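Examining the three-dimensional arrangement
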Amino acid sequence: MEGPVGQKEKLQEFALVSVSDLASSSSESHSKPVVARFSDDSGLAELRFHKESESAAAINVDLRTAQIFKVSSVQSVCLTEGSDSTEEKTSYSRGVTVQFRNEEESRAFHCAFKQWKEEVLEGKPLPNGTISATKSKFDDKIEASSAKMYFHYYGQLLHQQNMLQDYVRTGTYYAAVIENRADFFGRVVVDVGAGSGILSLFAAQAGAKHVYAVEASEMAEYARKLIAGNPSLGQRITVIKGKVEEVELPEKADMLISEPMGTLLVNERMLESYVIARDRFLVPNGKMFPSLGRIHMAPFSDEYLFIEIANKALFWQQQNYYGVDLTPLYGSAFQGYFSQPVVDAFDPRLLVASPTYHVLDFTKSKEEDLYEIEIPLRFTASVGARVHGLACWFDVLFNGSTVQRWLTTAPGAPTTHWYQLRCVLAQPIYVMAGQEITGQLRMVAHNAQSYTLYLTLMAKMWGPGAEQGGIIQASSCKLDLKEPYYRMSQPQAYPLTQDQQSHPLINTQDIQIQSQDFEEAELMQHPSPNSGAQMNSMAENN
Ligand SMILES: C[S@@+](CC[C@H](N)C(=O)[O-])C[C@H]1O[C@@H](n2cnc3c(N)ncnc32)[C@H](O)[C@@H]1O
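Residues numbered from 1 in each chain as written. Predicted model: local features only at pLDDT ≥ 70, side-chain atom pairs only at ≥ 80, totals over all residues. Heavy atoms only, no water.

Some thoughts on the overall build of the protein
- For the protein, the count of helices and strands is 14 helices and 25 strands.
- Out of the 542 residues in the protein, the part that is buried amounts to 52%.
- Expressed as a percentage of contacts within the protein between residues at least 6 apart in sequence, the contacts between residues at least 24 apart total 73%. (Helix = DSSP H or I, 4+ residues; strand = E, 2+ residues; numbered from the N terminus. Buried < 20%, exposed > 50% of the residue type's maximum accessible area, 1.4 Å probe, protein only. Contact = heavy atoms within 4.5 Å.)

Listed below in structure tokens is the structure:
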């Protein structure tokens, strides 16, 4: 045994009685002693079984995927994923039976095996496009079942198509890239979560020197196909299948391009992957497309929506449902319906105050900043109304050196597949025109790639008692962003109340609509692909 683990030239050797490759049934044994050698001198952490002083006919095991099982006190089986080099796609499991000289050596070997996996591989740089650690930051914070469903969803062409067919989204990306050729020309670009590879192809069209398209789902294979089918661009694009938290790239990037936005900007928690990619791949002062996002918020009044939600729970008020009293569950059902944020396109005239916004700067935010986001709220009601909750939407900025362009999901702007989001209070509050509405929106990330939302809205004392500063109404709710209620309908022509007609609601200029180059977008009837609820219901259906 030589070269203790942890030193620069890492190497460890064991003498064995024999090894046999289960696939070939050939056995390496006695004539010359068999050696098991852990090494990383090729840059690849591997276990190699070979005859002493003979490297030919060695059996190589990739330690990143290898597992070892004890069959007896002196015999073990080492299983690993293998790949057939002649046919890139084929992957199969490979087994090697290892015979030790005694129990003590077996124990030492197992101990070394465990150490190599845990200590040597942890954070160790590996060759381009390979996985850098057995368990990454992504795996630490995201539930495996959520990640599996998430990448399964994005692995399907139909869901990529849904995003590609959001012409406001894809058209704004295209315009932002092509109008800012100067930012791409001759530059190295990383496409973070490349999906079909569309943004990589746009970057190549704008003259990028090379684009690394990193995609964790099975979509990476389709991206390869699409890119190969566009050879004049494709020769400057490399698709790397893996998570941005784990892959290694051969060079630093001058620029990142990505579409990491989910419902309410933060759903899916992909913004965290975007800033991790920034820290891992981007040169100092490199560009990010988009570079920042804003969450916009305003209180709204929507009697129809409120009644619709409240009515859903009425089912549980039946006292004789096939002879069963359902009322014990009414309260829980009522709460359950109000814990679902509503996703739809609403008429901006439902807003009862000018919106405010919260900025997330992707060039500066730390990953941890996105774990919990607290937004203080302060509005002045422009009309007297019953406030039913908080309406939210987002926009992102492409801060090009030639043209600055915003992609907005604002109500009243051409509809995107993100629509808008509304948090509805089970207990509405009443406000008069000119009254101040305060509160807080707190978003806490959870391990199912989404957020729990805590909303509080308060209306301060109005009239003579106001100087005392007393709060007369406060209403709170807790919602799960992963479980939205999709209420996809055409924006309704809401009849204005008399009060609303005499007071113009809000200055619609306050809602920045910057993607107006596009014709009225057709309203898409499909639910957002970025929704956990849809993924869940999809999984339930399967
Ligand atoms: C919203 S889609 C955008 C796809 C494509 N860029 C586009 O604009 O059409 C996000 C993509 O990022 C991928 N993705 C999400 N998190 C990732 C991660 N940590 N590493 C690599 N890919 C990821 C998803 O599988 C999905 O294909």
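Quick notes on unusual backbone geometry
- Cis rather than trans, the peptide bond between F289 and P290 has omega equal to 5 degrees.
- Residue placement: P290 occurs in the loop between β14 (282-289) and β15 (292-300).

Considering the side chain of H159
- Following the sequence through the fold, H159 ends up in helix α4 (residues 157-164).
- At 3.4 Å, the side chain of H159 forms a polar contact with the side chain of Y153. (Polar contact = N/O pair within 3.5 Å; in protein donor to acceptor, adjacent residues only side chain to side chain.)

Some words on empty space enclosed by the protein
- Counted according to the given criterion, the structure contains four cavities of 30 Å³ or more.
- Of the pockets and cavities examined, the largest cavity occupies roughly 410 Å³.
- Every residue lining the largest cavity is counted, 31 residues in all, and those nearest its centre are V192, G193, A194, E215 and M270.
- When contributions to the lining of the largest cavity are tallied by element, the ones reaching two or more residues are α3 (144-154), α4, α7 (198-205), β11 (210-215) and α10 (270-281).
- When grouped by side-chain class, the residues that make up the lining of the largest cavity number 16 nonpolar, eight polar and seven charged. (1 Å grid on protein atoms, 1.4 Å probe; cavity = no way out; pocket = protein on both sides within 12 Å on 5 of 7 lines; lining within 4 Å. Points joined across faces, edges and corners; volume = space filled by probe spheres on them. Nonpolar A, V, L, I, M, F, W, Y, C, P; charged D, E, K, R; others polar.)

A word on the sheet that holds strand β12 (residues 237-241)
- The sheet built from five strands is open, its strands ordered β12-β11-β10-β13-β14 with parallel pairing. Looking at strand neighbours, the two that pair on one side only are β12 and β14, the edges of this open sheet. The mean inter-strand angle of the sheet, taken between neighbouring strand axes irrespective of direction, is 25 degrees.
- Where β11 and β12 come together, five bridges link them in parallel fashion. Counterpart to Y212 in the pairing with β12 is T238. (Pairing = 2+ DSSP bridges. Axes fitted to C-alpha atoms, helices over the stretch in contact; angles between N-to-C directions.)

Quick word on the packing of aromatic side chains
- A complete count under the given rule lists 22 aromatic pairs for this structure.
- Aromatic pair F38 and F109: ring centres 5.4 Å apart, planes at 35 degrees, arrangement tilted. Of this pair, F38 sits in strand β4 (residues 34-39) while F109 sits in helix α1 (residues 103-120), and the two are 71 residues apart along the sequence.
- A relative accessible area of 0% means that F38 is categorised as buried.
- Taking the centre distance of 5.0 Å and the plane angle of 75 degrees together, the rings of Y174 and F202 count as edge-to-face. Here Y174, found in helix α5 (residues 167-178), pairs with F202, found in helix α7; they are 28 residues apart in sequence, far enough to count as distant.
- Aromatic rings pair up to connect F14, F38, F100, F109 and F113 into one cluster.
- Sitting above the plane of the Y357 ring, R294 keeps its charged end 4.6 Å from the centroid. (Phe/Tyr/Trp six-rings, centres within 6.5 Å; stacked < 30°, edge-to-face > 60°. Lys NZ or Arg CZ within 6 Å of the ring centre and 35° of its normal.)

Quick word on the site of the ligand
- Surrounding the ligand, one finds 21 residues, the nearest of these being R169, G193, E215, V244 and E245.
- For the ligand, an oxygen atom lies 2.9 Å from a polar atom in the side chain of R169.
- Notes on the ligand: free accessible area 600 Å², of which the protein chains cover 100%.
- Here the ligand occupies the largest cavity.
- Secondary structure elements with two or more residues in the shell around the ligand: α3, α4, α7 and α10.
- Looking at the shell around the ligand element by element, the count peaks at three residues for α3.
- Among the residues forming the shell around the ligand, the class breakdown is ten nonpolar, six polar and five charged. (Near = heavy atom within 4 Å. Areas by Shrake-Rupley, 256 points an atom, 1.4 Å probe, with all protein chains shown as cover. Sits in = over half its atoms within 2 Å of the grid points.)

Looking at the pairing of strand β21 (residues 420-431)
- Among the twelve residues of β21, nine are classified as buried, and the element is accordingly described as predominantly covered.
- Two elements, strand β19 (residues 385-399) and β21, share seven bridges in a ladder whose sense is antiparallel. When the sheet's bridge partners are listed, A385 is paired in β21 with V431.

Considerations on helix α11 (residues 303-312)
- What α11 keeps buried is the set L305, F306, I309 and A310. For α11, the arc enclosing every buried residue in end-on projection is 125 degrees, short of the 170-degree limit, so these residues lie on one face.
- At its buried positions, α11 is contacted by β15, α12 (330-338), β16 (342-344), β19 and β21.
- Sitting at the amino-terminal end of α11 is D302, which places a side-chain oxygen 3.3 Å from the backbone nitrogen of Y304. (Arc of directions from axis to C-beta.)

A closer look at the pattern of salt bridges
- The full count for this structure, using the stated rule, is 27 salt bridges.
- Residue D344 is joined to R487 by a salt bridge in which the shortest nitrogen-to-oxygen separation is 2.9 Å. Of this pair, D344 sits in strand β16 while R487 sits in the loop between β25 (485-486) and α13 (498-502), and the two are 143 residues apart along the sequence. Accessibility assignment for this pair places D344 and R487 in one class, buried.
- Connected through shared salt-bridge partners, K137, K141, R269, E272, E367 and E368 make up one network. (Salt bridge = Lys/Arg side-chain N within 4 Å of Asp/Glu carboxyl O.)

Section: α5
- Between its first and last C-alpha, α5 extends 15 Å over twelve residues, near the 16 Å set by a 1.5 Å rise per residue.
- Burial within α5 is extensive, with ten of its twelve residues counted as buried.
- Those residues of α5 lying buried are V168, R169, T170, G171, T172, Y173, A175, A176, V177 and I178. (Expected span 1.5 Å × (residues − 1).)

Thoughts on the packing of α5 against α7
- Two numbers describe how α5 lies on α7: the axes approach to 9 Å, and their chain directions differ by 25 degrees. If you check the angle between α5 and α7, you find them roughly parallel. α7 is crossed by α5, and the crossing has right-handed handedness. Taken together, the residues of α7 that come into contact with α5 (itself represented by R169, T170, Y173, Y174, V177 and I178) are I198, L199, F202, A203 and Q205. (Parallel < 35°, antiparallel > 145°, perpendicular 65-115°, else oblique. Left-handed = near helix turned anticlockwise from the far one by under 90°.)

Interpretation note: all reported values are geometric properties and have no functional meaning in isolation.
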